[in-house]
Amino acid sequence: MDVFFSSALHIVTPIPFMWCVLGVALGIVVGAIPGLSGAMLITMTVPLTFFMGDFHDALILLVSMYVGSVSGGLISATLLRMPGTPAAVMTTLDGYPMARSGQAGRALGLGIMASFAGGLVSWLFLVILSPMLAIWATKFGPWEYFAMVAMALVLIASVSSGSMLKGLLAGFLGIIASMPGVDESTGRLRLTFGFDEWSNGLTLLPVLLGIFVISQVLKYVVDIDAKSEAISASTKNMLMSLKDWKDQAVNIIRSSLIGTWVGILPGIGASIGSICAYSVARNVSKTPEKFGTGFEDGIIASETANNATVGGALVPLVTMGIPGSVIDAILISALLMHNLQPGPLLFVTEPEIPYTIIATHLIANVVMVVLMLVSVKWIARLVQVPTAYLMPVILMFCIVGSFSMQNREFDMWVAIVFGVLGFAMERARIPLAPFVIGFILGDLAESTLRSGLMASAGSIEPLFTRPISGTFLVITALLLVWSIVTEIRITRQLSAR
Amino acid sequence: MKPESQNAIIELALYLLFSAISVAIFFNARTLPTSTREPLGSATMPQIVSVIILVICAALSLRALAELRRGMARNAPHAPAPDPAPGRPREVKRYGLATCLLIYSIAFVGLLQMRIVPARFLAPLFLFLCIWTLLRFRKRSLLPAALVAGVIGYGTSEVFSHIFYINLP
């Protein structure tokens, strides 16, 4: 715990605290602007972190952006009926009707306080679970890691929007995109098709910038004429009374637990947590018919859960180096780019890194609630920034940002190609998140499988007989069966129409 | 053509592309020498993954074809076109604008790579073209577009070069 306190104290010193405030503020603004997302902001910021003197400050900035972006989505969800981030999609159902009925301040206040409560509960899990899980994870060998990567891929594919097959396809495409270049086991080049530029493989940052940012810019430009009905933000009745807290206590705790648990599951993001918590709140409610009409319980459930997923998702990141969400995948890539191997050994070799993440999560939540309460009115105005000016600037940043990593022109082409690919995949309803998770974890999956096979003289038996990897495989198999059954049912329903 | 049919065609085209890439990777991996000191070697994983992608693409293509057939049946001349949301204005998709942005991006990167014009001049020009295109070439937006593009484009290149020390082309 000493390292945690020293990390927390470091964050409240002037310069790191400035990065924290800046990160949260930028995150809130980006989260609030429909079409922009935390993943975009963090991906675009990663190349700039190379020029920050201290990597801890870079981590503080990135984690603060994460917290801010998940929270900011509630502003546009409430005032525009357009979720700024996918995580706020359930907030629109009750936030917007409530704002329309003249209670915009109340709706925003409930959302802000619920976000804070969700963040706090998930932080408790993060700080308690992480060291324990990290110790447990040190027992992992190559087979356990391989089984866990398989589970993560199947899990994210099965809960992806659309069909599971499409999620799996995206995951495997990500894995295959990570393969060209030098094969680390043999030192030989592979799958370069004779192109010298491919000998280093596809660099992570241009791929991320293309898939997540350029594709979204194109998508937003295509929908540039979409109109939204804006409601002005009021700051009346924003603070929750003691009675409100008492009335909502069960809802907050339940939604926080759901959000944290969904966050911990590898590969699943805040939107799923929010949907699960909202559905449970409606199912257990005595007045389920009020949900979707501007009901306070709906806003609380959605916003508590989506912020709780942040802390939950950081658990597998700091303990095992497995992304709990897409943004975690980007954070892992930032650690890798700074030559840090995320995983349980980080607690031993560089304990300041995981504890900086944990401490930043707490402090960023406090900063978020203060910033949101004080400045929501002004942020709401920024939400309506003209797309025609914003999107080209983002596009230029992506192109220049992809070049900056290695000063290679080839990377700019990679960003553009993956941007178009991401746009086409979205049009075809193929989810992008499994692609990125596959791209990041593909190398780990292959290297662990190969090390495992070398250690067992070519036998795959330990994958099934070792207790932890066996358990992961059973879960993977169950998930696959469940998803395939669901898939078949959907196909039958479609063909019956 | 209806959106479902359009989506099905895009899906089919993508599955075809992914299948072609997988086949290329499969055969390229076959040329890799086998490893003498480890059981799996460099080629096995790419081959396994490309076969899985092929199988998934085949399954998804069949589904997309079925969807396309259903869409075409609904598009038949005798079938009345259903109005998805009566009273609501139809949402117009601006693919032309996105294509323009893409062309500008390709030209921007191409010119940067050829190192004909320095980035500090190209960036404002690229921004101006993008902004003015998105503002539908309105005359009254010419000046604000030029101003924003000039300040942000030039400023960003200078910041990248002199603060972040990124050696822009």
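Provided above is the structure to which this section pertains.
Note that the structure is predicted; figures quoted are calculated from it, not measured.

**Q** Quick rundown of the overall build of chain B? Include the residues and the values.
**A** Of regular secondary structure, chain B possesses 5 helices and 0 strands. For chain B, the N- to C-terminal ordering of α and β elements is α-α-α-α-α. Per-residue burial for chain B yields a buried fraction of 42% across its 169 residues. For chain B, long-range pairs separated by at least 24 residues make up 62% of all intrachain contacts whose partners lie at least 6 apart in sequence. Total accessible area computed for chain B in this model is approximately 9,800 Å², and 69% of it derives from carbon and sulfur atoms.

**Q** So what about the overall build of chain A? Which residues, and what values?
**A** Scanning chain A from N- to C-terminus turns up 19 helices and 2 strands. For chain A, whose C-alpha radius of gyration is 22 Å, the value lies close to the compact-globule estimate of 23 Å for 497 residues. Dimensions along the principal axes, computed over C-alpha positions, put chain A at roughly 70 × 60 × 45 Å. Pairs at least 24 residues apart make up 79% of the contacts formed inside chain A by residues separated by at least 6 positions. Carbon together with sulfur atoms contributes 67% to the accessible area of chain A, which is approximately 18,100 Å² in total. Across chain A, the 26 positively charged side chains and the 28 negatively charged ones have centroids separated by 13 Å.

**Q** Give me the interface of chain B and chain A: which residues, what numbers.
**A** In this assembly, 69 residues from chain B lie in contact with 65 residues from chain A. In total, about 6,300 Å² of surface goes out of reach between chain B and chain A, with carbon and sulfur atoms giving 75% of it. The largest share of the area that chain B buries against chain A comes from M45, R63 and V109 of chain B, three residues that together contribute 9% of it. Here chain B and chain A share 5 salt bridges between them. Among the ionic pairs, E67 of chain B bridges to R429 of chain A, the shortest N-O distance being 3.4 Å. Here chain B is connected to chain A by 12 residue pairs in polar contact (both at pLDDT 80 or more). At the level of elements, helix 1 (3-30), helix 2 (44-74), helix 3 (95-114), helix 4 (119-134) and helix 5 (142-162) of chain B are the ones that each hand at least two residues to the side of chain B that touches chain A.

**Q** An account of a nonpolar patch on the surface is requested, with residue identities and associated values reported.
**A** Residues and elements named next belong to chain A. There is a patch of nonpolar side chains on the surface, built from L124, F125, I128, M132, I253 and L257 and spanning about 550 Å² of accessible area. Sorting the residues of the nonpolar patch by element identifies helix 5 (89-137) and helix 9 (242-264) as the ones contributing at least two each. Summarising the element assignment, F125 is placed in helix 5. Looking at F125, the relative accessible area reads 32%, which means it is partly exposed.

**Q** Just give me the short version of the environment of A99 of chain A, but keep the residues and values in it.
**A** Residues and elements named next belong to chain A. Considering the arrangement of structural elements, one finds A99 in helix 5. The class of A99 is buried, set by a relative accessible area of 3%. Between the alpha carbons of A99 and L80 there is a distance of 9.4 Å; along the sequence they are 19 residues apart.

**Q** I'd like a rundown of the packing of aromatic side chains, residues and numbers included.
**A** Residue and element names in this part refer to chain A. The tally for this structure, following the rule as stated, stands at 15 aromatic pairs over all chains. Between F195 and W198 the ring centres are 6.2 Å apart and the planes differ by 35 degrees, which places this aromatic pair in the tilted class. Given the relative accessible area of 47%, F195 is considered partly exposed. Here Y278 and F291 contribute two aromatic rings whose centre-to-centre distance is 5.4 Å and whose plane-to-plane angle is 90 degrees, an arrangement assigned as edge-to-face. Pair noted here: Y278 is in helix 10 (residues 270-284) and F291 is in the loop between helix 10 and helix 11 (296-320), with a separation of 13 residues, a long-range link.

**Q** Could you give an account of the pattern of salt bridges, naming the residues involved and the relevant values?
**A** All chains considered together, the criterion is met by 14 salt bridges over all chains. Measuring nitrogen to oxygen at the nearest pair gives 2.5 Å for the salt bridge that ties R115 of chain B to E409 of chain A. Placement of the pair is R115 of chain B in the loop between helix 3 and helix 4 and E409 of chain A in helix 16 (residues 409-427), with the two residues belonging to separate chains. The class for R115 of chain B is partly exposed, based on a relative accessible area of 48%. Using a relative accessible area of 14% as the deciding quantity, one classes E409 of chain A as buried.

**Q** Tell me about unusual backbone geometry, residues and numbers included.
**A** In the Ramachandran plot, N339 of chain A falls in the positive-phi region, its phi being about 60 degrees despite a non-glycine side chain. Of note, N339 of chain A is situated in the loop between helix 12 (326-337) and helix 13 (346-349). The residue R115 of chain B is not glycine, and still its phi comes out positive at about 55 degrees.

**Q** How would you sum up the nonpolar core? Please name residues and give values.
**A** Burial of nonpolar side chains together is a common tendency in soluble globular proteins. Ranked by internal contacts, the top residues of the largest apolar core, which has 209 residues, are I75, L169, F212 and F435 of chain A together with F18 of chain B. At 17 residues, the largest contribution of residues to this core is made by helix 5 of chain A. Formed by 6 residues, the second largest nonpolar core is a distinct cluster that contains M90, Y278, F291 and A301 of chain A.

**Q** So what about the packing of helix 8 (residues 204-222) of chain A against helix 17 (residues 433-455) of chain A? Which residues, and what values?
**A** All names here are of chain A. For the pair helix 8 and helix 17, the least separation of the axes is 11 Å and the interaxial angle reads 175 degrees. In terms of their interaxial angle, helix 8 and helix 17 are classed as roughly antiparallel. Where helix 8 approaches helix 17, its residues L204, V207, L208, I211 and F212 are matched on the opposing element by F435, V436, F439 and I440. Of the residues assigned to the contact of helix 8 with helix 17, the class counts are 9 nonpolar, no polar and no charged.

**Q** Tell me about the packing of helix 5 of chain A against helix 9 of chain A, and name the residues and values.
**A** All names here are of chain A. Relative to each other, helix 5 and helix 9 sit at 50 degrees, their axes nearing to 9 Å. Considered as vectors, helix 5 and helix 9 are oriented oblique to each other. In this structure, helix 5 meets helix 9 at a crossing whose hand is right-handed. Here R106, M113, A117, G118, V121, S122, F125 and L129 of helix 5 come into contact with helix 9, specifically with D244, W245, I252, S256, L257, T260 and I264.

**Q** Describe helix 4 of chain B, listing the residues and the values that go with them.
**A** Residue and element names in this part refer to chain B. The end-to-end C-alpha distance of helix 4 is 22 Å, a good match for the 22 Å that 16 residues give at a rise of 1.5 Å each. Judged by how many residues are buried, helix 4 sits mostly within the fold: 12 of 16 residues are covered. For helix 4, the complete set of buried residues consists of A119, L122, A123, P124, F126, L127, F128, C130, I131, W132, T133 and L134. Directly beyond the C-terminal end of helix 4, a positive phi value near 60 degrees is found at R136.

Parameters and conventions
- Within each chain, residues carry numbers counting from 1 in the order of the written sequence.
- To label them, take the chains in the order written and letter them from A, then take the ligands in the order written and number them from 1.
- pLDDT decides what is reported in this predicted model: residues at 70 or higher carry local features, side-chain atom pairs at 80 or more are listed and counted, and totals for whole chains, interfaces and linings draw on all residues regardless.
- The side-chain numbers reported here are obtained from all heavy atoms of the structure, hydrogens and water having been left aside.
- Think of it this way: any DSSP run of H or I at least four residues long counts as a helix, any run of E at least two long counts as a strand, and we number them from the N terminus.
- Relative accessibility decides the category of a residue: with a 1.4 Å probe and only protein chains considered, values under 20% of the type maximum give buried, values over 50% give exposed, and everything between is partly exposed.
- Here, residues are in contact when the closest pair of their heavy atoms is within 4.5 Å.
- Accessibility throughout is a Shrake-Rupley quantity obtained with a 1.4 Å probe, and a residue counts as covered only by protein chains that appear here.
- All radius of gyration figures rest on C-alpha atoms, and the globule criterion is 2.2 Å times the number of residues raised to 0.38.
- Here Asp and Glu are counted as negative and Lys and Arg as positive; His is not counted, and neither are the chain ends.
- One atom stands in for each charge, and that atom is NZ of Lys, CZ of Arg, CG of Asp or CD of Glu.
- Put simply, buried area is how much 1.4 Å-probe accessible surface two parts lose in total, over both of them, once they are put together.
- The working definition used for a salt bridge is a side-chain nitrogen of Lys or Arg within 4 Å of a carboxyl oxygen of Asp or Glu.
- Whenever a nitrogen or oxygen atom comes within 3.5 Å of another N or O atom, the pair is scored as a polar contact, on the condition that within protein one atom can donate a hydrogen and the other can accept it, and that pairs from neighbouring residues in sequence are kept only if both atoms are in side chains.
- A patch consists of residues whose relative accessible area exceeds 30% and which take part in no salt bridge; residues with like charges are grouped when within 9 Å of each other, and nonpolar side chains (Val, Leu, Ile, Met, Phe, Trp, Tyr) when within 5 Å.
- Under the pairing criterion, centres of Phe, Tyr and Trp rings, with the six-membered ring standing for Trp, must be within 6.5 Å; the plane angle then separates stacked pairs below 30 degrees from edge-to-face pairs above 60, leaving the rest tilted.
- What we call a nonpolar core is a set of buried Ala, Val, Leu, Ile, Met, Phe, Trp, Tyr and Cys residues that are connected through their side-chain atoms within 4.5 Å.
- Axis definition: a line fitted to C-alpha atoms, limited for helices to the stretch in contact. Angles are taken between N-to-C directions and run from 0 to 180 degrees.
- Our angle categories are set so that under 35 degrees counts as roughly parallel, over 145 as roughly antiparallel, 65 to 115 as roughly perpendicular, and the remainder as oblique.
- The residue classification treats Ala, Val, Leu, Ile, Met, Phe, Trp, Tyr, Cys and Pro as nonpolar and Asp, Glu, Lys and Arg as charged. All others, Gly included, are polar.
- Note on convention: near helix rotated counterclockwise from far helix by under a right angle means a left-handed crossing. Clockwise means right-handed.
- A helix is expected to reach a length of 1.5 Å times the quantity of its residues less one.

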